[in-house]
Amino acid sequence: LDSLLQEMKLKNAHTFNLACQGSIYTHTLIHLVDGSTKLLVATLNRELFCYDLSMTHLARPCGCVVVPQTKQLQFTYLPNGSEIISIDAFNKSTDTNDFVIGVTIVKISETESCTQYVNIYSDWQPGAQNIDDSESEHSCLSLELDFVPYQLGHVNLGSHTFWRLGGSDNKIHVFSEDESIQSYVELEEEETLAEFAETLPCVPLFTDQFAEYGVRTTATVCENGYLVVSKVDEERNEILQTWNRNFAGPLTGVAFIRPQPSLGKPREFMSKLLKSGSVDESTSGSFPLSLAVGYSLNESMVFNDLEKNGLNDCKTLKSSFDYDCVTSLWVADLTFEGRPTIMLGTYGQELLGYTQKPETNEWLLAWHM
């Protein structure tokens, strides 16, 4: 593993084990006002953990010292007999840490009847510096659902944030905060975000979004192999363009790909970040927006340059079906070189990493573990 990580230009900073498994929906990132990011992970048996890498110790001239930290979080209204299905979180303030965390659960009673809820936790004490501050109290609003929840996410629109929740009723439900009643309410069809107004042909398994210059691009994949991509004018809440395709089996993941300018070597990047608190990515708009899609019955795919080609330019990720069914997908710039890596997780417990060859723009399997 160490030699593989060295080949990937990564260092094995921290690994952790969970006493119980989660799902593809039970992890999320939350960004703090100081620029740091924490990873929240939940398990099916109602345990939630917060993971982060502290970079506050600059002990050596050669760079910062990374200190891994793990803490279990305590949340109320997670009754015995329930299972966590999905989680999501965001910080709704740019000036302070005003955390909002959503957790969907399914509870099975002794009579084997099933009830579903989404719990929304908020209102951390003003003095809370971290989401894992054990002394902080928070409130919980629990909403009963009449469908089985799938992926929970959120959509930022100006100063307002909406929850979006995929359901077993073939819909993506949108919830908005109603301050007059201090609660969250589901938006009706005529009020909801434009791309979620129509009922889908099957259960939506995963949704990803990308917003830039007042246009939001949303991609959703379904259990029956249906893929739909929509461009929405955010101000008018109107669909500008829609593409869709059908495949023979479940599509298990989707993620937008947008190459970034090179941020320099990881050490140089961290030095800039610690000094200024941010990194200039203003030139990212010069790169085309593409889409990676995980496929359960064959090789996963990349749709190149959506603006130019729609869903017509489809390239497969070769050998991605050689390691069992793909169950999860993620895109990230692992080396800070401006070249994203597509990572696929498989049912056979393999992790595949694909990088793009600059000369031909072909995606090749760079490593697997």
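It should be noted that the structure appears before, not after, this text.
The structure presented is a predicted model; accordingly, all values stated were derived computationally and were not measured. (Residues numbered from 1 in each chain as written. Predicted model: local features only at pLDDT ≥ 70, side-chain atom pairs only at ≥ 80, totals over all residues. Heavy atoms only, no water.)

**Remarks on the pattern of salt bridges**
Logical step 1: A full pass over the atoms with the stated rule returns 10 salt bridges.
Logical step 2: Connected via shared salt-bridge partners are Glu-195, Arg-216 and Glu-234. (Salt bridge = Lys/Arg side-chain N within 4 Å of Asp/Glu carboxyl O.)

**Brief notes about the environment of Ala-255**
Logical step 1: Tracing the chain through its elements places Ala-255 in strand S17 (residues 251-257).
Logical step 2: Remark: the alpha-carbon pair of Ala-255 and Asp-208, spanning 47 residues in sequence, is separated by 5.7 Å.
Logical step 3: Excluding its chain neighbours within four sequence positions, the residues that come into contact with Ala-255 are Asp-208, Ser-290, Leu-291, Ala-292, Leu-329 and Val-331. (Helix = DSSP H or I, 4+ residues; strand = E, 2+ residues; numbered from the N terminus. Contact = heavy atoms within 4.5 Å.)

**So, the nonpolar core**
Logical step 1: Counting 22 residues, the largest nonpolar core has Leu-227, Val-229, Leu-251, Leu-291, Val-293 and Phe-303 as its most contacted members.
Logical step 2: For this core, the secondary-structure elements that each account for two or more residues are strand S13 (204-212), strand S14 (215-222), strand S15 (226-233), S17, strand S18 (290-295) and strand S19 (301-303).
Logical step 3: Setting aside anything within four residues of it in sequence, one finds Val-293 in contact with Val-221, Leu-227, Leu-251, Gly-253, Val-254, Ser-300, Met-301, Phe-303 and Leu-329. (Core = buried A, V, L, I, M, F, W, Y, C linked by side-chain atoms within 4.5 Å. Buried < 20%, exposed > 50% of the residue type's maximum accessible area, 1.4 Å probe, protein only.)

**What to know about the side chain of Asn-91**
Logical step 1: With respect to the helices and strands, the residue Asn-91 is situated in strand S5 (residues 82-91).
Logical step 2: Under the relative-accessibility criterion, Asn-91 is labelled buried at 17%.
Logical step 3: One polar contact links the side chain of Asn-91 to the main-chain carbonyl oxygen of Thr-96, over a distance of 3.4 Å.
Logical step 4: Those residues in contact with Asn-91, other than ones at most four positions away along the chain, are Ile-30, His-31, Leu-32, Val-33, Thr-96, Asn-97, Asp-98 and Phe-99. (Polar contact = N/O pair within 3.5 Å; in protein donor to acceptor, adjacent residues only side chain to side chain.)

**Concerning the pairing of S15**
Logical step 1: For S15, the buried fraction is high: eight of the eight residues fall into the buried class.
Logical step 2: Bridge count for S14 against S15 is seven bridges, and the pairing is antiparallel. The residue of S15 that forms the bridge with Ala-219 is Val-229.
Logical step 3: Where S14 hands over to S15, the hairpin turn is made up of three residues, of which Gly-225 adopts a positive phi near 95°.
Logical step 4: What sits between the antiparallel neighbours S15 and strand S16 (residues 238-246) is a turn of four residues, in which Asn-237 has the positive phi angle 55°. (Pairing = 2+ DSSP bridges.)

**Points about the sheet that holds strand S11 (residues 172-178)**
Logical step 1: As summarised here, the arrangement of the four strands in space is S9-S10-S11-S12, forming an open sheet in which the pairing is antiparallel. On the outer flanks of this sheet lie strand S9 (149-157) and strand S12 (183-186), each paired with one strand and no other. Averaged over all adjacent pairs, the angle separating strand axes in this sheet is 30°, with direction ignored.
Logical step 2: Where strand S10 (residues 160-167) and S11 come together, four bridges link them in antiparallel fashion. Bridge pairing in S11 links Trp-163 to Phe-175. (Axes fitted to C-alpha atoms, helices over the stretch in contact; angles between N-to-C directions.)

**A few points about the sheet that holds S17**
Logical step 1: A sheet is described by the order of its strands in space; here four strands give the open sequence S17-S18-S19-S20, paired in antiparallel fashion. Lying at the two open borders of the sheet, with one neighbouring strand each, are S17 and strand S20 (314-316). For this sheet the average axis-to-axis angle between neighbouring strands, irrespective of direction, equals 20°.
Logical step 2: Where S19 meets S20, three bridges bridge the pair, whose relative direction is antiparallel. Across the sheet, the residue bridging to Val-302 is Lys-315, located in S20.

**Description of the pairing of strand S7 (residues 114-122)**
Logical step 1: In this structure, strand S6 (residues 99-108) lies alongside S7, joined through eight bridges in antiparallel fashion. Residue pairing in the sheet places Ile-108 in a bridge with Cys-114 of S7.
Logical step 2: In this antiparallel pair of consecutive strands, S6 and S7, the connection spans five residues, and Glu-112 shows a positive phi of 65°.
Logical step 3: Note that S7 and strand S8 (residues 139-145) share seven bridges and pair antiparallel. When the bridges of S8 are listed, Ile-120 appears paired with Leu-141.

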